[in-house]
Amino acid sequence: MSCSLLTSGWPKGCKDNAGGLKRVLLANKIDVVSFTEDTVGSLPVPSGEITAITRSAGATFYEFVPNKMSSNWVENIQANAQNGTVGYEQVLTMIFAKNEAAARNRVVLLAQGEVYAIVEDYNGKYFLLGEFNGCELTGGSSSSGTALSDLNGWTLTLTAMEPEPAKEVTAAAIATLDIVE
């Protein structure tokens, strides 16, 4: 059987791109009913954009704002030629200042469930992590720091293993969400 191959190249872009995460929106996986993808593209590769998010009544996305220039997400391609399989490991790392009871309690709750994560980068783009299987807290640490300017706070790692790469979420879809700080 022949599989479809490339349909376009990858041109060199302009130097108008920025790294880092501005904020992360988290929702309990149980509260999201579905994601609607724009199907303008042709199979097997549609557009890759989420244009709507359907939530159960009263469902909320919670805004997490990490320390500036500290947090990121990485998508690792997990391919196995012998098995003929491919998956996408999405790893979100967030860093927050201050060890305090409220932060500790957020971590306890986050560790107990599965969430969807929408990350906003410094280019004003949004990406959905954990679309099919959700994200889970898989690691992290709390630290007092040593020097006066060291991190006193939390480093959290959420991970998802997905059958497809992360999709971009349109600003219009984000505008429909109930977001709580």
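Scroll up to find the structure.
Residues numbered from 1 in each chain as written. Predicted model: local features only at pLDDT ≥ 70, side-chain atom pairs only at ≥ 80, totals over all residues. Heavy atoms only, no water.

Draft legend 1. Looking closely at the pairing of strand β10 (residues 153-162). Burial within β10 is extensive, with eight of its 10 residues counted as buried. Bridging between strand β6 (residues 85-97) and β10 involves 10 bridges; their strand directions are antiparallel. Looking at β10, one finds that M94 is bridged to L156. (Buried < 20%, exposed > 50% of the residue type's maximum accessible area, 1.4 Å probe, protein only. Helix = DSSP H or I, 4+ residues; strand = E, 2+ residues; numbered from the N terminus. Pairing = 2+ DSSP bridges.)

Draft legend 2. Unusual backbone geometry, seen in detail. A positive phi angle, close to 55 degrees, is found at M69, a residue other than glycine. Tracing the backbone through its elements, the reader meets M69 in the loop between β4 (61-64) and β5 (72-80). On the basis of relative accessibility, which here comes to 65%, the residue M69 falls in the exposed class. Here K98, not a glycine, exhibits a phi torsion of approximately 85 degrees, which is positive. Take K98: its relative accessible area is 52%, and that puts it in the exposed class.

Draft legend 3. Structural context of the environment of N67. Along the chain, N67 falls in the loop between β4 and β5. Distance in space between the C-alpha atoms of N67 and I95 is 5.9 Å, their sequence separation being 28 residues. The contacts of N67, once residues within four sequence positions are left out, are I95, F96, A97 and L151. Separated by 3.2 Å, the side chain of N67 and the backbone nitrogen of A97 make a polar contact. (Contact = heavy atoms within 4.5 Å. Polar contact = N/O pair within 3.5 Å; in protein donor to acceptor, adjacent residues only side chain to side chain.)

Draft legend 4. Quick peek at the sheet that holds strand β12 (residues 179-180). Read across the sheet, eight strands follow the order β2-β3-β11-β8-β7-β1-β4-β12 without closing on themselves; strand pairing throughout is mixed. The open sheet terminates on both sides in strands that have one partner only, identified here as β2 (32-37) and β12. Of the strand pairs in this sheet, β2 and strand β3 (residues 49-55) are connected by five bridges, and their pairing is antiparallel. Note on β3: the bridge partner recorded for S34 is T54.

Draft legend 5. Spatial organisation of the nonpolar core. Within the largest apolar cluster, 21 residues are counted, with the highest numbers of intra-cluster contacts made by V24, L26, L92 and L158. Of all the secondary structure elements, the ones that give two or more residues to this core are β1 (21-28), β6, α1 (101-112), β7 (115-121), β8 (126-129) and β10. If one sorts the elements of this core by residue count, β10 sits on top with four residues. L25, F35, F61 and I174 belong to the second-largest nonpolar core, a separate cluster that totals 15 residues. (Core = buried A, V, L, I, M, F, W, Y, C linked by side-chain atoms within 4.5 Å.)

Draft legend 6. Quick look at the layout of surface pockets. Considered as a void within the structure, the second largest pocket measures approximately 650 Å³ in volume. As for the second largest pocket, its lining consists of 24 residues, and the residues nearest its centre are L26, Y62, E63, F64 and R106. Elements represented by at least two residues in the lining of the second largest pocket include exactly β1, β4, β6, α1 and β10. Per-element accounting of the lining of the second largest pocket gives the leading share, five residues, to α1. When grouped by side-chain class, the residues that make up the lining of the second largest pocket number 15 nonpolar, three polar and six charged. (1 Å grid on protein atoms, 1.4 Å probe; cavity = no way out; pocket = protein on both sides within 12 Å on 5 of 7 lines; lining within 4 Å. Points joined across faces, edges and corners; volume = space filled by probe spheres on them. Nonpolar A, V, L, I, M, F, W, Y, C, P; charged D, E, K, R; others polar.)

Any functional reading would require information that these geometric values do not contain.
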